[in-house]
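Results of the structural survey
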Amino acid sequence: MEDPTPQDQASPEVQKRVQDSFDRQGLMAHLGARITGIAPGRVEITLPARPEVTQQHGYFHAGATSAVADSAGGYAAYTLFPENADVLTVEYKINLLAPATGDRIEAVGTVLKSGRTLSVCRLEVFGVQSDGARKLVANGQQTLIRVNRPER
């Protein structure tokens, strides 16, 4: 994500809410993914290359690729939700366009439509080389549902 201007950045409260939720995800921690950008309606997640996230040919595994894409879209929608709401994925489709190679992959979720109940996001995953060269390796679309957080 390019350096956002102040109006492109999510508020500190939203950034904290997104990061706190992300930090509770066991799968993202297990994969070694981290959030690298939070803006209103847009979240970027980076997954560094390592043997544990590859398949038998050395490419990033489709499961790891789609997992970070799903989370990026979910958190992009979450940035636009009220404080008392949570997000769940209803469905997503991902197209694997090229073998995912590079020093890392970057998943970008972007809200296309934020509704009272359902939201739709565009998902993009880029393979990023050490010199910064980026290649689109997967894209998709996702539908999410906003649910009220249970009282505790």
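Not measured: the values here are computed from a predicted model. (Residues numbered from 1 in each chain as written. Predicted model: local features only at pLDDT ≥ 70, side-chain atom pairs only at ≥ 80, totals over all residues. Heavy atoms only, no water.)

What follows covers the nonpolar core. Core analysis: the largest hydrophobic core is formed by 37 residues, its most contacted members being Ile45, Leu47 and Val68. With nine residues, the top contributor of residues to this core is helix 3 (residues 62-78). Setting aside residues no more than four positions away along its own chain, leucine 47 makes contact with Leu31, Gly32, Ala33, Val53, Phe60, Ala64, Val68, Arg104 and Ile105. (Core = buried A, V, L, I, M, F, W, Y, C linked by side-chain atoms within 4.5 Å. Buried < 20%, exposed > 50% of the residue type's maximum accessible area, 1.4 Å probe, protein only. Helix = DSSP H or I, 4+ residues; strand = E, 2+ residues; numbered from the N terminus. Contact = heavy atoms within 4.5 Å.)

This next bit is on the packing of aromatic side chains. A complete count under the given rule lists two aromatic pairs for this structure. With 6.0 Å between their ring centres and 65° between their planes, phenylalanine 22 and tyrosine 75 make a pair best called edge-to-face. Separated by 53 residues along the polypeptide, phenylalanine 22 in helix 1 (residues 12-23) and tyrosine 75 in helix 3 bring together distant segments of the chain. Note on tyrosine 75: relative accessible area 5%, which makes it buried. On the numbers, 5.9 Å between centres and 75° between planes, the contact of tyrosine 75 with tyrosine 78 is edge-to-face. Of this pair, tyrosine 75 and tyrosine 78 both sit in helix 3, three residues apart, which is roughly one turn of the helix. Side by side, tyrosine 75 and tyrosine 78 carry an identical accessibility label, which is buried. (Phe/Tyr/Trp six-rings, centres within 6.5 Å; stacked < 30°, edge-to-face > 60°.)

Attention now goes to the confidence of the model for the protein chain. Mean pLDDT over the protein chain: 94, with 95% of residues reaching 70 or higher. Confidence drops under pLDDT 50 across residues 1-6; counting only partners more than four residues distant or on other chains, this segment forms six contacts. (pLDDT = per-residue confidence, 0-100.)

So, on to helix 1. Across its twelve residues, helix 1 extends 16 Å between first and last C-alpha, which sits within 8% of the 16 Å expected from 1.5 Å per residue. Inspection of helix 1 places Val14, Arg17, Val18, Ser21 and Phe22 among the buried residues, and these make up the whole buried set. Looking straight down helix 1, one finds its buried side chains confined to an arc of 130°; they lie on one side. Pointing more than 90 degrees away from the buried face of helix 1 are the exposed residues Pro12, Glu13, Lys16 and Asp23. Buried residues along helix 1 sit against helix 2 (26-31), strand 1 (34-39), strand 2 (42-48) and helix 3. (Expected span 1.5 Å × (residues − 1). Arc of directions from axis to C-beta.)

On to the pattern of salt bridges. Applying the stated criterion to the full structure yields six salt bridges. In this structure, aspartate 20 engages lysine 16 in a salt bridge whose closest nitrogen and oxygen atoms are separated by 2.6 Å. With aspartate 20 and lysine 16 both in helix 1 and four residues apart, this pair spans about one turn of that helix. On the basis of relative accessible area, aspartate 20 is assigned to the partly exposed category, the value being 31%. (Salt bridge = Lys/Arg side-chain N within 4 Å of Asp/Glu carboxyl O.)

So, on to the environment of proline 48. Positionally, proline 48 belongs in strand 2. Residue proline 48 is classed as partly exposed on the basis of its relative accessible area, which comes to 29%. In sequence terms proline 48 and glycine 32 are 16 residues apart; their C-alpha atoms lie 7.1 Å from each other. With residues up to four places along the chain from it excluded, the contact list for proline 48 reads Gly32, Arg34, Val53, Phe60, Asp103 and Arg104.

The strand order across the open sheet built from six strands is 1-2-4-5-6-3, with neighbouring strands paired in antiparallel fashion. Every interior strand has two partners, whereas the edge strands, strand 1 and strand 3 (85-96), have only one. Each strand of the sheet is rotated relative to its neighbour by a mean of 20°, with strand direction disregarded. As judged from the eleven bridges shared by strand 5 (residues 118-128) and strand 6 (residues 134-148), these two strands associate in the antiparallel manner. Residue pairing for strand 6: valine 125 is matched across the bridge by alanine 138. Along the sheet face, helix 1 touches strand 1 and strand 2 and points at about 155° away from the line of strand 1. Lying on the sheet, helix 3 is in contact with strand 2, strand 3, strand 4 (104-114), strand 5 and strand 6; it crosses strand 4 at an angle near 40°. (Pairing = 2+ DSSP bridges. Axes fitted to C-alpha atoms, helices over the stretch in contact; angles between N-to-C directions.)

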